Amino acid sequence: MSDAAASLREPWPDLDRQREGVSVGIWLFIVSEMLFFGALFLGYAVYRTLYPEAFRIAGAETAVSYGSVNLLLLLTSSVTMTIAVDASRQARRRTAIICLALTMLLGAAFLIFKGLEYSLDIAKGLFPGADFPLQPPQTQLFWALYWVMTGVHAIHLAIGVGIVGVFAWVLWRRVLPIESPAIVGVATYWHFVDTVWIILFPLLYLVNRS
Amino acid sequence: MTTDRFMTAASDYATQVDSTFWVLVTISGLITLLVASLIAGFCLHYRRGSNARRGRLPERLAYDVEIGWTVATLFLFLFIFWWAASNQLSALDIPVNSLEIHVVAKQWMWRVQQPGGAREINEIHVPENMPVRLAMTSEDVIHDLFLPTMRLKQDVLPGRYTYLWFTATKTGVFHLTCAEYCGTDHSVMAGRLVVMTTPDYARWTNAQPEADDLAHDGEALFRSLGCSGCHAPTSSIHAPDLHGIYGRAVPLSDGRVVTADEAYLRDSILLPAKDVAAGFAPIMPSYRGSVTEDELVKLIAYLKSLSGGPTRLPPQAG
Amino acid sequence: MTDTAIADATVEAQPASYLAAGHTLLSWLTTTDHKRIAILYAISITFFFFIGGIAIALVRLELMTPQGLILTSDAYNRLFSLHGIIMVWFFLVPSIPATMGNFLLPLMIGAHDVAFPRLNLLSWYLYVFGAAFTVYALISGGVDTGWTFYTPLSTNYATGYVIAAAAGVFVVGFSSIATGINFIATAHMLRAPGMTWFRLPLFVWAMYTVSMVMVLATPVLAMSLLLVIAERAFGLPIFDAARGGDPVLFQHLFWFYSHPAVYIMILPAMGVVSEVIPCFARRTIFGYAFMVYALIAIAVIGFMVWGHHMFVAGQSPLANLVFSFLSFIVAVPSAIKVFNWTATLHRGQITFEAPMLYALGFVGLFTIGGLTGLFLASVPIDIHATDTYFVIAHFHFVMVGGTVSAYMAGLHFWWPKVTGRMYSEAWARFAAITTFLGFNATFMPQFVMGWNGMPRRYHYYPDVFQAWHVMSSVGALILAVAYVLPLIYFGWSMIYGRRAGANPWNATGLEWQTSSPPAKENFDHIPRIDAGPYAYDESDHPPAAGDRTLVRSQGETA
């Protein structure tokens, strides 16, 4: 039995149908995630419309250099992920696994920079509460959304880093064949998390910097 | 208590809402009767083994019937929407020259301020045949002022004013209650809407003490009589802090716990040794003979105005 | 051959049932067989149904007198909150999809299993994990925000285990989403050859449309609860008016999910009824295409009406008008379905087994529930009736009179298929009639007292309403008996019930062409389909005379 045929699972009648099915499944999941983040974006839109000045004042305090570095890291990781998918299709083992590892490392680097940025934010007192340094009080709304939006994104990214890492290991140990269609699912998720950051970045970092 | 406090239609708007309601009941009743009799009829007529005529229905007939009742339903529902909405649109105009009454909701009471300055707790007095607009806000969670006899309710929100307006056409005492779940005592956050004739309302308004002035006078007395000498936070004498005292549960030195209502405050001024607060020495002098009844009312009004936390009123029987 | 010999031959000829494929607890807890997962779900939701039922039994007992009986206000408030949370998310939302949907979807379309069997098992574990949070909240003392978690009560003022309860609902939401993804992929990708979309049974269409709603709506609920948790746990102002937040924003986010949620609860019920009525009327469903379009219309328009829960929340009059209009529109497809079920009876050969009794009860009670929805869609009526017992009566008519009746119909209809046993028809009919009577006795008085001004979520109430409350509580007692009876006779049937043949009802549908219970793989060979559903033409599927359990259908391939 070839490596490819070994991927066929119950209840799928053939591999093509299975690939398509996995694709349908992962896209449905992405759609649900779009609605999950969408609720946050709606909250942001509502409050920004109500308090534009407060959002400008609050938005000036985000660490735009950290944000930009993180944007570059994620964009690059999407490139390495795309190369990995391509290599997998062409059964180029080394390239695929190395690129998956790179993707994972770039994602981990994002999380490290994010952690550093968080400690900087906290040192500046930018966690909503009694000692919040900015006025008016609605600036706390911006920062509350900042913490929730970046926090939820970071959790998604951490899960992604884990999945990519495990998947790279699974391919390396030949538990799954290199052409396994599962990589498409992993890549789709990764690109989605990247896209969320592409949307978050201007909302949080470019508010007062045009 | 009779159901009149709830069910009376006490305004023209309420009467309109009722007629919309009964039209809907009639339509719904007829539809329910239709569906039920068709089901019952078919079940009887076409039960297994009966000698009713069966066989296929022509395609065309089935399709026409389908389109027919879809369109009929759509038109009926649109009609009902239009009927109810046109009712509603006419009620949307805020009347000019309305009497504006302020309402503050908090767990678990309604504080009402009349335009003349009179204050009420859990009661709203209004004149009949005059547009009344309630401007409402909440001090804590979302409440809802429900006036069943006006067929009206409106959520009362923190940080915002919401409005409810009506013109009462019947005098009487009607129910007023909270209709948005707001915690422990949500179900006893009730009161009365008192609709009076215009002269009665005027008389009632005049009879209300100017609550603002009462408390101000009381504050002046508090100082001139020397109360603040011991009861101020900066005092070196150990005396209970009186902020938020009204309505609070006070533990006494003999182990009892009493609620600081008007009677307690009065006694504390005139008979301070009667109920001594736990943890304090009985060193307060009596003021019997040094204050008049009027002055007592003012002092108590001042003490009541010293807010510090939610006041808890005993559950009312409705 | 004697009847017994036929029965023996039927039993011997059957392939190993899915129930026999592994007898250890571990084989059940690690199964990827959709039929076993369905049973895991059935046990779980039944357990929670009775927890939620006990909560409301205590509430209805307490409401016998206006000044209360045995509970403090805090305890009362926690009990009705628990009732709502458990019944909505741990019973109604999963009920038909996770049990009957899981069991029947692959069978009805001619597949070996759902698209993602391991995701299916994960969805059950997510349910259990979410339930654990909720049980923790319950045992620790409960939550008293109502099932609606309105801010700022839930974020800043409620005592009680708000975070645990919200976390439980958050987690169980992902169970919903996983099930939805699985069903959509299954319906798209695993239909047997020849099984085109318009040859699918309406139950499959119902599973498909409900899955779309679950996947799209549930994430918004998840985020709104996450924000409540963030505000309560970390003090982050999202809905805090003092810092510019809008508590009504929570309501928009919450109801954007929770209105489609009620369609999550009714669409599967409609699917069940569309299977049962044709079978016991021996007639194809009237207007199949319109029934499909109606399901789709309800699912789509259902996303546009959430504001009708907020007519008095501080919304603009224009918004009220728009939501009111759309709410009237969404009622039209539901009405079409009621007419079509009724018309299916026309020229039928009707019998009144328990599934049919429940299905007919559904049509009547859903009609009344739906019509009272029109009342609430009218803004002036709703302004008076919202937050009173009128609303409580309305949604119990559709969710209990509707969904629970349909759930019972489906339970009785497919019981022989799932367990291979017949239940006691006499007891089942008695329970069905008792349910109908008990239900009306419980909830009809609530319409009256609601319109007369009795607010909801009230521990103490004005004396004038006592008679209605007593009527309602007595009805609830009757209803409770009617709900306990099936536990007893279904349990009895699993040990002593007559063995069922493959198709005891002589029904159409691929699931009836497998053995009862089905084999683990469902089908030896995937069938080829060349006809539509509900082929109850008299010549092909005559009504069975005499004892139905021993009749073999024409199309059986086992």
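A short tour of the structure in this document, coming up. (Residues numbered from 1 in each chain as written. Chains lettered and ligands numbered in written order. Predicted model: local features only at pLDDT ≥ 70, side-chain atom pairs only at ≥ 80, totals over all residues. Heavy atoms only, no water.)

Some details on the overall build of chain B
Within chain B, the regular secondary structure consists of eight helices and twelve strands. Its C-alpha radius of gyration of 30 Å places chain B more than 25% over the 20 Å reference for a compact globule of 318 residues. For chain B, the C-alpha atoms occupy an extent of roughly 100 × 45 × 35 Å along the three principal directions. Among the 318 residues that make up chain B, the fraction classed as buried is 47%. Across chain B, the fraction of contacts at a sequence separation of at least 24, relative to all contacts at a separation of at least 6, is 64%. Approximately 15,800 Å² of chain B is accessible, and the part contributed by carbon and sulfur atoms is 60%. Charge separation in chain B, taken as the distance between the mean sites of 26 positive and 32 negative side-chain charges, equals 11 Å. (Helix = DSSP H or I, 4+ residues; strand = E, 2+ residues; numbered from the N terminus. Rg over C-alpha atoms; globule rule 2.2 N^0.38 Å. Buried < 20%, exposed > 50% of the residue type's maximum accessible area, 1.4 Å probe, protein only. Contact = heavy atoms within 4.5 Å. Areas by Shrake-Rupley, 256 points an atom, 1.4 Å probe, with all protein chains shown as cover. Lys, Arg positive; Asp, Glu negative; His and termini not counted. Charge placed at Lys NZ, Arg CZ, Asp CG, Glu CD.)

Thoughts on helix α8 (residues 162-189) of chain C
Between its terminal C-alpha atoms α8 of chain C stretches 41 Å, which fits the 40 Å expected from 28 residues at 1.5 Å a residue. When you tally the buried positions in α8 of chain C, you get 25 out of 28 residues, the bulk of the element. (Expected span 1.5 Å × (residues − 1).)

Describing the interface of chain C and chain A
If you look at the interface, chain C gives 38 residues, while chain A gives 36 residues. Both sides of the chain C and chain A interface together cover about 3,000 Å² of buried area, and 77% of this is carbon and sulfur. The largest contributions to the chain C side of the interface with chain A come from Met-189, Met-223 and Arg-243 of chain C, which together make up 22% of the buried area. Here chain C and chain A share zero salt bridges between them. Linking chain C to chain A there are six residue pairs in polar contact (both at pLDDT 80 or more). Every element with two or more residues in the side of chain C that touches chain A is listed here: α6 (117-140), α8, α9 (202-234) and α10 (247-281) of chain C. By residue class, the composition of the side of chain C that touches chain A is 29 nonpolar, four polar and five charged. (Buried area = accessible area lost by both parts, 1.4 Å probe. Salt bridge = Lys/Arg side-chain N within 4 Å of Asp/Glu carboxyl O. Polar contact = N/O pair within 3.5 Å; in protein donor to acceptor, adjacent residues only side chain to side chain. Nonpolar A, V, L, I, M, F, W, Y, C, P; charged D, E, K, R; others polar.)

Overview of the sheet that holds strand β9 (residues 172-178) of chain B
All names here are of chain B. What the five strands build is an open sheet, ordered β4-β10-β9-β6-β7; its pairing is mixed. Bordering the open sheet on either side are β4 (123-127) and β7 (152-156), each of which pairs with just one other strand. When the angles between neighbouring strand axes are averaged without regard to direction, this sheet yields 20°. As defined by bridge partners, strand β6 (residues 143-147) adjoins β9 across two bridges and the pair is classed as antiparallel. The partner of Leu-145 across the bridge, within β9, is Cys-178. (Pairing = 2+ DSSP bridges. Axes fitted to C-alpha atoms, helices over the stretch in contact; angles between N-to-C directions.)

A few points about the interface of chain C and chain B
On the side of chain B, 78 residues touch chain C, which itself brings 82 residues to the contact. Between chain C and chain B the total buried area reaches about 6,900 Å² when both faces are included, carbon and sulfur atoms providing 69% of it. Linking chain C with chain B are zero salt bridges. The tally of links between chain C and chain B comes to 21 residue pairs in polar contact (both at pLDDT 80 or more). Looking at the side of chain C that touches chain B, the elements with two or more residues in it are α4 (73-92), α7 (153-157), α10, α12 (317-345), α13 (354-377) and α14 (379-385) of chain C. Per-element accounting of the side of chain C that touches chain B gives the leading share, 16 residues, to α12 of chain C.

Some details on the sheet that holds strand β3 (residues 119-121) of chain B
All names here are of chain B. Pairing is mixed in the open sheet, where five strands are placed in the order β3-β2-β1-β5-β8. The open sheet terminates on both sides in strands that have one partner only, identified here as β3 and β8 (162-167). In this sheet, adjacent strand axes meet at a mean angle of 25° when their direction is disregarded. Bridge count for strand β2 (residues 109-113) against β3 is three bridges, and the pairing is antiparallel. Bridging from a neighbouring strand, Gln-113 pairs with Arg-119 of β3.

Some thoughts on the pattern of salt bridges
The final tally for this structure, using the stated rule, is 13 salt bridges over all chains. In this structure, the salt-bridge partner of Glu-123 of chain B is Arg-192 of chain B, at a minimum N-O distance of 2.6 Å. In this pair, Glu-123 of chain B is assigned in strand β4 and Arg-192 of chain B in strand β10 (residues 190-196), connecting sequence segments 69 residues apart. Two residues, Arg-243 of chain C and Asp-240 of chain C, come together in a salt bridge whose shortest N-O distance is 2.9 Å. Each member of the pair, Arg-243 of chain C together with Asp-240 of chain C, is buried.

A look at the pairing of β9 of chain B
Residues and elements named next belong to chain B. Counting buried residues in β9 gives five out of seven residues, a clear majority hidden from the surface. By the bridge criterion, six bridges tie β9 to β10 in an arrangement that is antiparallel. By the bridge assignment, Val-173 is partnered in β10 with Val-194.

Digging into the state of the cysteines
All names here are of chain B. With the rule as written, the count across this model stands at zero disulfides over all chains. No disulfide involves Cys-182; its sulfur sits 3.8 Å from the nearest other cysteine sulfur, which is in Cys-178. Of all cysteine sulfurs in the structure, the one in Cys-230 sits closest to Cys-227, which takes part in no disulfide; the separation is 8.9 Å. (Disulfide = S-S within 2.5 Å.)

With respect to the packing of helix α3 (residues 34-62) of chain C against helix α17 (residues 466-496) of chain C
Residue and element names in this part refer to chain C. Axis separation between α3 and α17 bottoms out at 10 Å; the angle between their running directions is 160°. Classified by the angle between their axes, α3 and α17 sit roughly antiparallel to one another. Of the two possible hands of crossing, α3 and α17 adopt the one that is left-handed. In contact with Thr-46, Phe-49, Phe-50 and Arg-60 of α3, α17 contributes His-469, Ser-472, Ser-473, Ala-476, Tyr-483, Val-484 and Leu-487. Tallied by class, residues from the contact of α3 with α17 come to six nonpolar, four polar and one charged. (Parallel < 35°, antiparallel > 145°, perpendicular 65-115°, else oblique. Left-handed = near helix turned anticlockwise from the far one by under 90°.)

A look at the arrangement of the chains
Of all two pairs of chains in contact, the one with the most contacts involves chains B and C. Regarding chain A and chain B, which are not in contact, the minimum distance between any of their C-alpha atoms is 13 Å.

Considerations on unusual backbone geometry
That bond from Gln-107 of chain B to Trp-108 of chain B is cis: its omega, -5°, falls within 30 degrees of zero. Mapped onto the elements, Trp-108 of chain B comes out in the loop between β1 (99-106) and β2. The residue after Thr-151 of chain C, namely Pro-152 of chain C, is reached through a cis peptide bond having omega -5°. Within the secondary structure layout, Pro-152 of chain C lies in the loop between α6 and α7. Non-glycine residue Asn-122 of chain B carries a positive phi angle of around 60°. By the secondary structure assignment, Asn-122 of chain B is in the loop between β3 and β4.

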